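Chain residues, written in single-letter form:
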Amino acid sequence: MNMVKWVVAFMVIEETFGIVCWFCSWQVTLFFLSDLKNSSMADSVGTRLYSCFKCQNHLARHDDIVSKNFQSRSGRAFLFSHVMNIVLGPKQERQLITGLHTIVDVYCNDCGEILGWKYEKAYEESQRYKEGKFILEKYKIDMEN
Ligand SMILES: [Zn+2]
């Protein structure tokens, strides 16, 4: 990062005295290029979406995955901090492997397919981090790029 300070210092000197250094303009171009590269990479990761396997309705962003290591009765499931374009069912108490929880079922708001559930309340202290988060079953979602 010292390099950056030096370049900035040179640029200030150039600005002040009206001189142009080839090295600085080259550095500036490199910085712009790396910025451009980073931001386009961030964009492509940020826009990776999961959608409904039946109707391709967008459901969640890859960035909102909290954990990929959840298990449901039908197989693997992902825990998300946010999901969209869904409808919630009525609250119900459910005894899960990790204890008693109040959950609501999660449905696609387009095709009505049941996709997973939302944790409304966890009774075990160690499970509280799941409250307000969503489980989507892996086989019910497709990843888009
Ligand atoms: Zn759907």
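Here is what the cut-offs are and how they apply
- Residues numbered from 1 in each chain as written.
- Predicted model: local features only at pLDDT ≥ 70, side-chain atom pairs only at ≥ 80, totals over all residues.
- Pairing = 2+ DSSP bridges.
- Helix = DSSP H or I, 4+ residues; strand = E, 2+ residues; numbered from the N terminus.
- Axes fitted to C-alpha atoms, helices over the stretch in contact; angles between N-to-C directions.
- Contact = placed C-beta atoms within 7 Å.
- Core = buried A, V, L, I, M, F, W, Y, C linked by C-beta atoms within 7 Å.
- Buried ≥ 20, exposed ≤ 12 C-beta atoms within 10 Å, placed from the backbone.

A. Layout of the sheet that holds strand 3 (residues 65–72). Strands sit in the order 3-4-8-7-6-5 across an open sheet of six strands; the sheet is antiparallel. Among the strands making up the open sheet, the edge pair consists of strand 3 and strand 5 (86–96). Taken over all neighbouring pairs, the strand axes of this sheet differ in orientation by 30° on average, direction set aside. Here nine bridges tie strand 5 to strand 6 (residues 99–108), and the two strands are oriented antiparallel to one another. The residue bridging I86 from the neighbouring strand is C108, located in strand 6.

B. Representation of the environment of I86 in the model. If you trace the backbone, I86 turns up in strand 5. Among all residues touching I86, those that are not within four sequence positions of it are L59, V106, Y107, C108 and N109.

C. Summary view of the nonpolar core. Among the nonpolar cores identified, the biggest contains 20 residues, and L59, V83 and L136 are the most heavily contacted of them. Secondary-structure elements contributing two or more residues to this core are strand 1 (49–52), strand 2 (58–61), strand 4 (75–80), strand 6, strand 7 (114–122) and strand 8 (134–137). Broken down by element, this core gets its largest block of residues, four residues, from strand 7.

D. Spotlight on the environment of A122. Along the polypeptide, A122 turns up in strand 7. For the pair formed by A122 and L100, sequence separation is 22 residues and the distance between their alpha carbons is 6.6 Å.

E. Region of interest: unusual backbone geometry. Phi at Q56 takes a positive value of approximately 65°, unusual for a residue other than glycine. Among the structural elements, Q56 can be located in the loop between strand 1 and strand 2. Positive phi values are uncommon outside glycine, yet N85 reaches one of about 55°. You can see N85 is positioned in the loop between strand 4 and strand 5. Taking the C-beta count within 10 Å as the criterion, N85 has 14 such neighbours and is therefore assigned partly exposed.

Honestly, it's all geometry; don't read function into it.
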